[in-house]
Amino acid sequence: MVRKTTGNIGRCSWTRRSHHLKAPQRLRPVRTVVTRSQRTSGGCFFNGLPAEVFHMILDEMSVVDISVFSMVSKEITSYIVDYVSSQAWRNKTIIQSFHNPTLLEQRSTLEHYRHLGLLFKRCTLLLPTKDRLKFTFSKFSEIPCFMLERCLAPDCTGYSRYGVFLQTLIAGWDELECHRVFNFLCDQTGLLLKTEALLTAKPGLKRNQELQLRLFCRKVLLDPCQNQPDGQFWLVQLLKPWPMVSQAHLLFILYGPLLHEGVLGWQDLVERGIPHSALWDLAKGLLMLFGTLQVKGWSTDSVISILEELIVIPQPWFVENVARLLVLCGSSLCYTFLASKALNGRISEISRIIIHIILVCEKEGYHMSWAVKLVQQICSLFSTAPERFVFIQHLENMFSEVTREFFESSVAGNNFEDRETFQTLCILLDSSARFHTKLLHMFLK
């Protein structure tokens, strides 16, 4: 063949090609290997969709499905964050009113807010804690039923829904993050300032504000907790900023007995005995504090000090109410409280409380052997026989003194309260006989 050269025009060069021609090769398909990083960097299918179309797709999905979908990729997460930030989505999904719901509506709404908590937990997963909280609270702070003292409807269930949402959102967060949640919540609601205003006022003076604070703290932070350590953490955060007397005051606001159509029964505890069931919430709050201590700076002595202050607010309680609260608190806390007094030499005081514990056991149907065992444990605190004898002597003398007080009160008049006092006197005599029977039986064995 002749190949023309481009160097000189008119010249030709003869070249000889090899006679050994290679057989034609079959073309093989080329496989392109795409790595995960290349796939994510190349864009998302939804990039080609208008935002309106993507929102229409999300509109057809449940809250749970959207929360799962948000974990597919960063791009999907950003799309969903934009979607839940829209006013239209908030108006459609976040219920604005929680008044007069039926039982079925309450259950469905509760589950709905659990799903919302899961959605916000997942779609803000990659954000710092501060930004997660800022984004989340911005969507809910405009709803009056979620804010402290913004909705005064007596049957509003907004706090309960908000509590379920919040506890679902922060489930699994570490202690430092939970501290940030508490501080952020205080800034959003003015919680500490409103608490201080109540603690510096006379107990019972601001009844509506007391009830609002109780409902917010209980329904949002305390009651939704699934276990004792979580409840203890939030309760300690609420109490810790204040001195010991104020801690007892606040604990009463949060868990004290609600009497007279939802009003805290400050004065009732001082003047007369109240129903056994009315003190159960207060015992529950004390047991939450007294349980396995997992909060730094909190100890058994802290709980005993709060209990000491609690039973003199607003004035020293009717002794039967003190005994009833101790019985509800159970053996461990009751013994620890009485033992601290015994070791400080307050024998007459604990003798009176023990007599009323025996009376409460008889009234409420508790086994008298429980009271006998309690006395035996207190008695074992004293190292010598003379000290134990003095304690038993004080206890028996107190039986006589309390009996005489009830008798004198019952014969002072003929009204209903005097008849009730006489009935209590009869119960006391029965409880004394039952207690001593159990005590003698134990020693004779």
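None of these values were measured; they are calculated from a predicted model.

Definitions and cut-offs
- Residues numbered from 1 in each chain as written.
- Predicted model: local features only at pLDDT ≥ 70, side-chain atom pairs only at ≥ 80, totals over all residues.
- Heavy atoms only, no water.
- Helix = DSSP H or I, 4+ residues; strand = E, 2+ residues; numbered from the N terminus.
- Buried < 20%, exposed > 50% of the residue type's maximum accessible area, 1.4 Å probe, protein only.
- Contact = heavy atoms within 4.5 Å.
- Areas by Shrake-Rupley, 256 points an atom, 1.4 Å probe, with all protein chains shown as cover.
- Core = buried A, V, L, I, M, F, W, Y, C linked by side-chain atoms within 4.5 Å.
- Axes fitted to C-alpha atoms, helices over the stretch in contact; angles between N-to-C directions.
- Parallel < 35°, antiparallel > 145°, perpendicular 65-115°, else oblique.
- Left-handed = near helix turned anticlockwise from the far one by under 90°.
- Nonpolar A, V, L, I, M, F, W, Y, C, P; charged D, E, K, R; others polar.
- Salt bridge = Lys/Arg side-chain N within 4 Å of Asp/Glu carboxyl O.
- Phe/Tyr/Trp six-rings, centres within 6.5 Å; stacked < 30°, edge-to-face > 60°.
- 1 Å grid on protein atoms, 1.4 Å probe; cavity = no way out; pocket = protein on both sides within 12 Å on 5 of 7 lines; lining within 4 Å.
- Points joined across faces, edges and corners; volume = space filled by probe spheres on them.
- Expected span 1.5 Å × (residues − 1).
- Polar contact = N/O pair within 3.5 Å; in protein donor to acceptor, adjacent residues only side chain to side chain.
- Disulfide = S-S within 2.5 Å.
- pLDDT = per-residue confidence, 0-100.

Asker: Looking at this structure, how should I read the overall build of the protein chain?
Answerer: What the protein chain contains, in helices and strands, is 21 helices and four strands. Residues counted as buried form 43% of the 445 residues belonging to the protein chain. A fraction of 68% describes how many contacts in the protein chain between residues 6 or more apart in sequence connect residues 24 or more apart. Approximately 25100 Å² of the protein chain is accessible, and the part contributed by carbon and sulfur atoms is 56%.

Asker: When you look at the nonpolar core in this model, what are you seeing that I'm missing?
Answerer: Nonpolar side chains in soluble globular proteins generally cluster together in the buried interior. Ranked by size, the top nonpolar core spans 127 residues in total, and within it W234, L310, L325, L338, I357 and F435 carry the most contacts. Take this core: its biggest share by element is 12 residues, from helix α17 (residues 319-343). What W234 contacts, discounting residues up to four positions off in sequence, is Q167, I170, C178, V181, F182, L221, L222 and C225.

Asker: Help me out: how do you make sense of the packing of helix α12 (residues 228-239) against helix α13 (residues 244-255) in this one?
Answerer: For any two helices packed against each other, the geometry is given by the interaxial angle and the distance between the axes. Where α12 contacts α13, the axes come no closer than 10 Å and their chain directions differ by 130°. Compared by their axis directions, α12 and α13 come out oblique. Helix-helix and strand crossings are classified by hand; for α12 and α13 the assignment is right-handed. Between α12, through L235, L238 and L239, and α13, the contact on the second element is made entirely by Q247, L250, L251, L254 and Y255. Taken together, the residues of the contact of α12 with α13 sort by class into seven nonpolar, one polar and no charged.

Asker: Teacher, can you tell me more about the environment of K296 here?
Answerer: Summarising the element assignment, K296 is placed in the loop between α15 (280-290) and α16 (300-310). Separated by 63 residues in sequence, K296 and F233 place their C-alpha atoms 9.7 Å apart.

Asker: Honestly, the pattern of salt bridges in this entry has me stumped. Any pointers?
Answerer: When charged atoms on two side chains of opposite charge get close, those side chains can pair. Applying the stated criterion to the full structure yields 16 salt bridges. The salt bridge partner of R324 is E364, with a shortest N-O separation of 3.2 Å. Here R324, found in helix α17, pairs with E364, found in helix α18 (residues 347-364); they are 40 residues apart in sequence, far enough to count as distant. A relative accessible area of 3% places R324 in the buried class. With a closest N to O distance of 2.9 Å, E401 and R352 form a salt bridge. Residue E401 is found in helix α20 (residues 385-410), and its partner R352 is found in helix α18; the two are separated by 49 residues along the sequence.

Asker: Even after reading the chapter, I still don't get the packing of aromatic side chains, so can you show me in this structure?
Answerer: Ring pairs (aromatic) are described by centroid distance and by the angle formed between their planes. The final tally for this structure, using the stated rule, is 21 aromatic pairs. Grouped by ring-pair contacts, the aromatic residues Y83, W89, Y113, F120, F135, F137, F140, F146, Y162, F165 and F184 constitute a single cluster.

Asker: Sorry if this is basic, but what is going on with empty space enclosed by the protein here?
Answerer: Over the atoms rolls a probe the size of a water molecule, and its path tells where empty space is left. According to the stated counting rule, one finds one cavity of 30 Å³ or more in the structure shown. Its volume calculated, the largest cavity comes out at about 40 Å³. Going through the elements one at a time, α10 (191-199) and α11 (207-222) are the ones with two or more residues in the lining of the largest cavity. In terms of residue count, α10 provides more of the lining of the largest cavity than any other element does, three residues in total. For the lining of the largest cavity, the residue count by class is seven nonpolar, one polar and no charged.

Asker: Explain the environment of S302 to me, please; I cannot follow it from the model alone.
Answerer: Relative to the assigned elements, S302 resides in helix α16. In this structure the C-alpha to C-alpha distance between S302 and M244, which are 58 residues apart in sequence, comes to 8.3 Å.

Asker: Where do I start with helix α8 (residues 158-170) in this structure?
Answerer: The periodicity of an α-helix, 3.6 residues per turn, causes residues three or four places apart in sequence to face the same way. If you check α8, its first and last C-alpha atoms are 18 Å apart, about what 13 residues at 1.5 Å a residue would give, namely 18 Å. G172 sits one or two residues past α8 and shows a positive phi near 90°.

Asker: Would you take a moment to explain the side chain of T129 for this structure?
Answerer: For T129, the location among the structural elements is in helix α7 (residues 129-140). In terms of polar contacts, T129 uses its side chain to reach the side chain of E177, at 3.3 Å.

Asker: Quick question: what am I supposed to make of unusual backbone geometry here?
Answerer: Glycine aside, negative phi is the norm for most residues, and most peptide bonds take the trans geometry. The residue after I313, namely P314, is reached through a cis peptide bond having omega -5°. Locating P314 in the fold gives a position in the loop between α16 and α17. Backbone geometry places E149, a non-glycine residue, at a positive phi of 65°. Inspection of the secondary structure assignment puts E149 in the loop between α7 and α8.

Asker: It is not clear to me how the state of the cysteines should be interpreted in this structure. Could you clarify?
Answerer: Any covalent bond linking the sulfur atoms of two cysteines counts as a disulfide. One pass over the full model with this rule turns up zero disulfides. Left unpaired, C151 is separated from the closest cysteine sulfur, that of C156, by 3.8 Å.

Asker: Teacher, can you tell me more about the confidence of the model for the protein chain here?
Answerer: Interpretation of the predicted coordinates at a detailed level should be avoided for regions scoring low in pLDDT. Mean pLDDT over the protein chain: 83, with 85% of residues reaching 70 or higher. Considering only residues more than four positions removed or in separate chains, one finds that residues 1-42, a stretch of pLDDT under 50, has 11 contacts.

Asker: It is not clear to me how the environment of V84 should be interpreted in this structure. Could you clarify?
Answerer: Following the sequence through the fold, V84 ends up in helix α4 (residues 74-85). Accessibility expressed as a relative area gives 0% for V84, which makes it buried. Setting aside residues up to four positions removed in sequence, V84 forms contacts with W89, R90, L119, F135 and K139.

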